[in-house]
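Each chain is listed here by its residues.
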Amino acid sequence: MDAAQIDQVRRFNRTVTERVGVLHDHYLGRDRPIGEARLLWEIGERGQDVRQLRERLGLDSGYVSRLLRALEADGLVTVEPQPEDRRVRTVRLTEAGRTEHAALDDRSDELAGSLLEPLNAGQRARLVAAMAEVDRLLTATTVTLDVVDPAHPDAQHCLKSYFAEMRQSFETGFDPARSLLPDAGELRPPQGLFLVARLHGAPVGCAGLKLPPNAPAEVKRMWVSPDARRLGLGRRLLSELETRAVRHGSAALRLDTNKALSGAIDLYRTYGFEEVPAFNDEPYAHHWFEKRVGGGSPSEHRAP
């Protein structure tokens, strides 16, 4: 990042907040500021778990509680504990809240139209395309990477999703019992680690790293949810694993993959991996890759 980039981002933020009306206490001409309006919108027709709502919007619990109290005082929502676990609260719209939600929907359409109306057809297309790109990139910045135990529910969700996708993608199907799956202990410190990517608190990707002594580090079970693709998450996972492998003292990073995963193969090659002879007998692998990392010596094995 440089100063010019920072300045452009700040200028963009000021333009958006002014043009969209964030600075007004009566957002979209209604009797509430944008924080209350956005929370009301996110609750939606089916209601929401308060904790999930907070994670979705990236807000602290105190601020969300204040917003909910204001909406409750206006008769727009109800907040009740769930019978099976009273620590978990659910917020739902009242009839008045549904009416306000519909009004916000109409006013949001009007605002969007007012942004497009002064522009010609070509400018509108450019603006909408630019907004889609900004939306995608900003969404990418909200993804978090955390080291978790392979037995964590989020890790298990990712692995089960990964296995299901492999069963559909591979010509021979996929049976985890036949694959060289790492033992969970191999993906726990200090033998390794397991990363989970989360978007708005929900698991959307994973990657394991084996760190055997006196041998190259190995990437295992990297997966990104179809809903989170095009966010650069695969490359980000590889970068994080490489950083941790280098920190561990590894001189090389290895992985194997199936020929059906053409997108993953392209990613590995553009990220700097080179194809090498097979270094294991994984029955589902057709390609083996290695990348020199850190300052160590490269592997003796290179594909001809």
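Check the entry above for the structure.
One structure accompanies this document, and this report is about it. What you are looking at is a predicted structure, and each value in this text was computed from that prediction instead of being measured.

### Concerning the pattern of salt bridges
Here comes step 1: Using the criterion set out here, one finds 20 salt bridges in the structure.
Here comes step 2: A salt bridge links glutamate 165 to arginine 229; the nearest nitrogen and oxygen atoms lie 2.9 Å apart. Separated by 64 residues along the polypeptide, glutamate 165 in helix H7 (residues 153-169) and arginine 229 in the loop between strand E7 (217-224) and helix H8 (233-248) bring together distant segments of the chain.
Here comes step 3: Between lysine 220 and glutamate 218 there is a salt bridge; the shortest N-O distance is 3.6 Å.
Here comes step 4: You can call lysine 220 buried: its relative accessible area is 5%.
Here comes step 5: One salt-bridge network, held together by shared partners, links Arg30, Arg32, Glu36, Asp74 and Glu100.

### Regarding the sheet that holds strand E6 (residues 202-210)
Whether parallel or antiparallel, the strands of a sheet pair through hydrogen bonds between backbone atoms.
Here comes step 1: Ordered by their spatial adjacency, seven strands build an open sheet running E4-E5-E6-E7-E8-E10-E9, and the pairing between neighbours is mixed. At either end of the open sheet lies a strand with only one pairing partner, and these are strand E4 (144-147) and strand E9 (274-276). When the angles between neighbouring strand axes are averaged without regard to direction, this sheet yields 30°.
Here comes step 2: Relative to strand E8 (residues 252-257), E7 is paired through two bridges, and the arrangement is parallel. Note on E8: the bridge partner recorded for alanine 217 is leucine 253.
Here comes step 3: Against the sheet, helix H9 (residues 262-271) engages E7, E8, E9 and strand E10 (287-292), with an angle of about 25° to E10.

Calculation criteria
- Residues numbered from 1 in each chain as written.
- Predicted model: local features only at pLDDT ≥ 70, side-chain atom pairs only at ≥ 80, totals over all residues.
- Heavy atoms only, no water.
- Salt bridge = Lys/Arg side-chain N within 4 Å of Asp/Glu carboxyl O.
- Helix = DSSP H or I, 4+ residues; strand = E, 2+ residues; numbered from the N terminus.
- Buried < 20%, exposed > 50% of the residue type's maximum accessible area, 1.4 Å probe, protein only.
- Pairing = 2+ DSSP bridges.
- Axes fitted to C-alpha atoms, helices over the stretch in contact; angles between N-to-C directions.
- Contact = heavy atoms within 4.5 Å.

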